[in-house]
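Examination of the molecular architecture
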Amino acid sequence: MENQYLTEYKAGDVMDPNNLETERFFFESPIRDELFERMWGKSFKEDCTIPKEDLRYLRVLHWGKEGPVVGEMVCHKSVSQSLLEIFKELFREKYPIERMRLIDDYDGDDERSMADNNSTCFNFRRVPGKEKLSHHSLGIAVDINPFYNPYVRTDKEGRVLCSPEGSQPYGDREKDFIYKIEEGDICVRTFAKYGFQWGGDWTTCKDYQHFSTTGG
């Protein structure tokens, strides 16, 4: 059954909500050769320190603008089952997630993926401006609706900076807008239930899109 759903449906396919065997769309699989070819040189770079055997491919459903949509994500095996349960719960609640495609469709470019409001997990990369590996490199951090939930910090000159480019209007968390993640909402509560911390709770900066099993 897993193979059927891997081949018959593609990420981004919009499904009929009235004729949908929901549970069969939520599953994990190893990183098969065909998928690894798609990832190689993009999310899985030549210097990647995470064995592909430690990664898992997830298929889920999420609520897009046109209804139920097939989504996909690569993560570490230690969080794969938790993420499946999280996305099941968010789907049952009809929580809106606009897009969930592998970052390899964006050549592993985090900025391009975020600008397209694409929700992702694994991408072997360093924290911008540092040598430290991002927790996305470990496959234990998830970004949800990133364009509307930007990374926000204040520089030494007191300027407020937002990433990705163009997301500055959504750095103002007093406003109401689509896809907004905020303290106490169903997204934050569901991730917390499975041991994920929210970047919106950070003190020196805010990463409103970010959920991780560690604090950074």
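Located above this text is the structure these notes cover.
Everything in this summary refers to the structure shown in the same document. Note that the coordinates shown come from a computational prediction; the quantities given were computed from them, not determined experimentally. (Residues numbered from 1 in each chain as written. Predicted model: local features only at pLDDT ≥ 70, side-chain atom pairs only at ≥ 80, totals over all residues. Heavy atoms only, no water.)

What to know about the overall build of the chain
In terms of helices and strands, the chain carries five helices and nine strands. When the helices and strands of the chain are read in sequence order from the N terminus, they spell out α-β-α-β-β-α-α-β-β-β-α-β-β-β. Principal-axis analysis of the C-alpha atoms gives the chain an extent of 55 × 40 × 30 Å. The burial tally for the chain puts 53% of its 216 residues in the buried class. Considering only contacts in the chain between residues 6 or more positions apart, those separated by 24 or more positions represent 58%. When the accessible area of the chain is evaluated, it comes to approximately 10,800 Å², of which 47% is carbon and sulfur surface. If the 30 positive side-chain charges of the chain are averaged to one point and the 40 negative ones to another, these points end up 2 Å apart. (Helix = DSSP H or I, 4+ residues; strand = E, 2+ residues; numbered from the N terminus. Buried < 20%, exposed > 50% of the residue type's maximum accessible area, 1.4 Å probe, protein only. Contact = heavy atoms within 4.5 Å. Areas by Shrake-Rupley, 256 points an atom, 1.4 Å probe, with all protein chains shown as cover. Lys, Arg positive; Asp, Glu negative; His and termini not counted. Charge placed at Lys NZ, Arg CZ, Asp CG, Glu CD.)

Regarding the sheet that holds strand E9 (residues 210-212)
One open sheet holds the three strands; their spatial order is E4-E9-E7, and the pairing between them is antiparallel. The sheet is open, and its two edges are formed by strand E4 (141-143) and strand E7 (197-198), each paired on a single side. When E4 meets E9, the two strands line up antiparallel, connected through three bridges. Within the sheet, the bridge partner assigned to Asp 143 lies in E9 and is His 210. (Pairing = 2+ DSSP bridges.)

Comments concerning the nonpolar core
By size, the foremost hydrophobic cluster in this structure holds 36 residues, and its most contacted members are Leu 83, Phe 87, Ile 144, Phe 191 and Phe 211. Elements supplying a minimum of two residues to this core: strand E2 (55-64), strand E3 (67-76), helix H3 (80-92) and helix H5 (186-193). Here the element with the most residues in this core is H3; it accounts for six residues. Grouped together as the second largest cluster of nonpolar side chains are 13 residues, Met 39, Cys 48, Leu 55 and Val 74 included. (Core = buried A, V, L, I, M, F, W, Y, C linked by side-chain atoms within 4.5 Å.)

A few points about unusual backbone geometry
Note the cis peptide between Ser 163 and Pro 164, where omega equals 15°. Locating Pro 164 in the fold gives a position in the loop between strand E6 (160-163) and H5. Within the chain, Asn 117 stands out as a residue other than glycine whose phi angle is a positive 55°. Here Asn 117 lies in the loop between helix H4 (110-115) and E4.

Regarding the packing of aromatic side chains
Enumeration over the complete set of coordinates arrives at 16 aromatic pairs. Look at Phe 87 and Phe 191: their rings are 6.4 Å apart centre to centre, the planes differ by 90°, and that puts the pair in the edge-to-face class. Of this pair, Phe 87 sits in helix H3 while Phe 191 sits in helix H5, placing them 104 residues apart in sequence. Taken as a pair, Phe 87 and Phe 191 share a single burial class, namely buried. The ring of Phe 36 is capped by Lys 52, whose NZ or CZ atom sits 4.6 Å from the centre of that ring. Positioned above the aromatic ring of Phe 177, the side-chain terminus of Lys 180 is 5.7 Å from the ring centre. (Phe/Tyr/Trp six-rings, centres within 6.5 Å; stacked < 30°, edge-to-face > 60°. Lys NZ or Arg CZ within 6 Å of the ring centre and 35° of its normal.)

Section: the sheet that holds E3
Read from one edge of the open sheet, three strands run E1-E2-E3, paired in antiparallel fashion. Edge positions in the sheet fall to strand E1 (27-30) and E3, since each has one partner strand and no second. Each strand of the sheet is rotated relative to its neighbour by a mean of 25°, with strand direction disregarded. Bridging between E1 and E2 involves four bridges; their strand directions are antiparallel. Following the sheet pairing, Phe 27 is matched in E2 by Arg 59. Running over the sheet, H3 touches E1, E2 and E3 and is turned about 5° from E2. (Axes fitted to C-alpha atoms, helices over the stretch in contact; angles between N-to-C directions.)

Topic: the pattern of salt bridges
One pass over the full model with this rule turns up 21 salt bridges. Residues Glu 28 and Arg 56 are paired through a salt bridge, measuring 3.4 Å at the closest nitrogen-oxygen approach. Of this pair, Glu 28 sits in strand E1 while Arg 56 is found in strand E2, placing the two residues 28 residues apart along the sequence. Take Arg 56: its relative accessible area is 19%, and that puts it in the buried class. Of the charged contacts, one joins Asp 105 and Arg 101 as a salt bridge, the two residues approaching to 3.1 Å between their closest N and O atoms. (Salt bridge = Lys/Arg side-chain N within 4 Å of Asp/Glu carboxyl O.)

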